[in-house]
Amino acid sequence: MNIEQLAANTIRALSIDAVQKANSGHPGAPMGMADMAVVLWSKFLRVDPKNPTWENRDRFVLSNGHASMLLYSILHLTGFPISIEDIENFRQWGSPTPGHPERDPSLGIETTTGPLGQGFATGVGMAIAEAKLNERFGSDLVDHRTFGFVSDGDIMEGIASEAASLAGHLGLGKLIYLYDDNDITLVGPKSWSYNEDTTGRFAAYGWQTLHVDGHDQPALAEAIEAALADKDRPSLISCKTHIGFGSPHKQDSASAHGSPLGEEEVALTKERLGWEYEPFHVPADVYEFFTGALDDRRQEASEWERNLEMKLAADKNLAKAWHKHFNATPISIAVPEYDEGAKAATRAISGAVINAIADDRPDLVGGSADLASSNNTLIKSSGDFTANDRSGRNIRFGIREHAMGAIVNGINVHGGMRAFGGTFLTFSDYMRGAIRLGALMGAPSIWVFTHDSIFLGEDGPTHQSVEHVAALRAIPNLWVVRPANAAEVAGAWEVALNRVDGPTAFSLSRQGLPVGGAGPVPVDKGAYVVRDGSDVVLVATGSEVATALDAADILEGNGKSARVVSMPCREAFEIQDDAYKSSVLGDGIPRVSVEAGITFGWGDIIGSGGLAIGLDRFGASAPASVLAEKFGFTPEQVAARVSEWLG
Ligand SMILES: Cc1ncc(C[n+]2csc(CCOP(=O)(O)OP(=O)(O)O)c2C)c(N)n1
Ligand SMILES: [Mg+2]
């Protein structure tokens, strides 16, 4: 057995032992993909285990996150800060080796994976970020590849098809995926549900496709060389492997996928593999092999660091540009100017903000799922990001919401670029998997969702959001901002750009709203008083703030003093101290929420005795003014309901 084979068996043994000890996990894929990992990491992947976050490192994505033990094993063997104890604590509380990889670049884990297809599409975002930075700073400073391992599940998921189609269209030549083509899925043979010409499909997307025996290490190396040689197309290397490689009774069977082999089968497998060591043992030769193999890449990383330092010291403009990309400082955004008393849709104000800050934030890129003109996401001073022109800052995602979600996450976790993605708020459902994963891994993605209520009008209930704001608020670590006017839109962008550890979603109106005052408002505090009053508090968001203000005037005419609170961001409000919260909401004053969406969740703010004015049904196709009347959102109707409720 040569050292490369011994290295692959070490991955297999560590994976089997960890899964056995945890009494849960997925041994089959790490056993099948061990040879792929040895070749990629020992010969190609430009990483430095002692400096895991150097900016020009190759990015690696394990899209089939259930094969996490493969990643933890190879990270340990190559010297990343994952110890044997960590591997013994696989899947245990507080360990850096959870069931599925959770993003931590300092450990060499670039993105969180587990929901199949997400990693595939996230990697496409990383490759886009690289292409942008390569164009901006030149190959001397940024020139790296994005590698990924993907499985049958990844290949079948729709998000991967969307992402692959866009990656082919954009000619992302430095994107290389190795496909674990093992003919087995969770429940049984792949043929039960899938029988297509996978590489034919990818060829049609514009990918280079290659086939190789996934256990033939020299052949794998040749295939990766061929993938690297094609600069114009992403590559899919289909690697024929055996799931559960080496297990006498479980190899090539779904029973190797997701449960421990069992003590007896572990012993038989080790015997078959010629593995004669104690559990969790790593032969010294294997450590030495990887240390030696990665030596040149550690060298490259430190040379790159020296070169960067020299260049930044010699060229002030370059240093400034580099810092704008890699260490963006908190931004403060001026309120866009409008004539007093004018009306503007918050989506249009958002577009104005994007264009106002674009020069100062060269790291900002983004686009929309074919709705740029509706979402107002276009950076007008820039062209499109295309296969032939990487300078463009506008990404045409096409009608591919789910892939857009993961790609924007990928750009944002890559570092050096900040990305936003837009669509109608209703279609946030199509990308919810990516929004959730971005929130889980702390990706600072920005979601520009427009046409945010029944007030989009005639397109009707298929396009009208009613439950979406509440559904987004339900995602932990996602901030949802529903601004009411120009100052709040500026504040919304400020909040989003200044967040570094999680995503922000905007809920923006299609229809014109009063633009409000020119001064800044505290969106970062989540809520504030816009009109004082003592008998009742109307807490409103977005388009309903103007309605609440008008309703308050009517109430005043009836002798009731109504306070109006604008609450653009509930998540920001929740983390304020009690003193601030009660200064905004008052103590002992009855509370009413006003939002053109479901009332779900408002009890947290208005209390069990409060009145929630909302819409707990689907909307309808009609002009917006008619819908306001029919669904009770005119100021007169709101005032009447509040009066009646107050008694
Ligand atoms: C979106 C999503 N759906 C379902 C699952 C549950 N699941 C985990 S692995 C898997 C399929 C396994 O097949 P494959 O990707 O070929 O992995 P292998 O068994 O070959 O390791 C499924 C359905 C998931 N992780 N993500
Ligand atoms: Mg499979």
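Residues numbered from 1 in each chain as written. Chains lettered and ligands numbered in written order. Predicted model: local features only at pLDDT ≥ 70, side-chain atom pairs only at ≥ 80, totals over all residues. Heavy atoms only, no water.

As for the nonpolar core
- Of all hydrophobic cores here, the largest spans 65 residues; its most connected members are Phe120 and Trp207.
- No other element matches helix 5 (residues 118-137), which puts nine residues into this core.
- Those residues in contact with Phe120 that lie beyond four places of it in its chain are Ser63, Val150, Ile155, Ala160, Ala163, Ala164, Tyr177, Phe202 and Trp207.
- Among the nonpolar cores identified, the runner-up in size contains 60 residues, and Ala8, Ala29, Val38 and Leu45 belong to it. (Core = buried A, V, L, I, M, F, W, Y, C linked by side-chain atoms within 4.5 Å. Buried < 20%, exposed > 50% of the residue type's maximum accessible area, 1.4 Å probe, protein only. Helix = DSSP H or I, 4+ residues; strand = E, 2+ residues; numbered from the N terminus. Contact = heavy atoms within 4.5 Å.)

Comments concerning a negative patch on the surface
- Taken together, the side chains of Asp213, Asp216, Glu222 and Glu225 present a region of like negative charge at the surface.
- Position of Asp216 among the secondary structure elements: in the loop between strand 4 (208-213) and helix 9 (217-229). (Patch = residues over 30% accessible without salt bridge, like charges linked within 9 Å, V, L, I, M, F, W, Y side chains within 5 Å. Areas by Shrake-Rupley, 256 points an atom, 1.4 Å probe, with all protein chains shown as cover. Salt bridge = Lys/Arg side-chain N within 4 Å of Asp/Glu carboxyl O. Lys, Arg positive; Asp, Glu negative; His and termini not counted. Charge placed at Lys NZ, Arg CZ, Asp CG, Glu CD.)

Quick look at the sheet that holds strand 17 (residues 591-594)
- If you trace the five strands from one edge of the open sheet to the other, you get 14-16-15-17-18, paired in mixed fashion. Across the chains shown, the open sheet's two edge strands, defined by having one partner strand only, are strand 14 (528-531) and strand 18 (611-613). Adjacent strand axes in the sheet meet at a mean angle of 25°, parallel and antiparallel pairs treated alike.
- With three bridges connecting them, strand 17 and strand 18 associate as parallel partners. Pairing of Val592 across the sheet is with Leu611, part of strand 18. (Pairing = 2+ DSSP bridges. Axes fitted to C-alpha atoms, helices over the stretch in contact; angles between N-to-C directions.)

Observations concerning the site of ligand 1
- Surveying the vicinity of ligand 1 reveals 15 residues, the closest of which are His66, Ser151, Gly153, Asn182 and His257.
- The separation between an oxygen atom of ligand 1 and a polar side-chain atom of Ser151 is 2.6 Å.
- Within the complex, the protein chains bury 74% of what would otherwise be the 580 Å² of accessible surface of ligand 1.
- Here the shell around ligand 1 is built from residues that sort into six nonpolar, seven polar and two charged. (Near = heavy atom within 4 Å. Polar contact = N/O pair within 3.5 Å; in protein donor to acceptor, adjacent residues only side chain to side chain. Nonpolar A, V, L, I, M, F, W, Y, C, P; charged D, E, K, R; others polar.)

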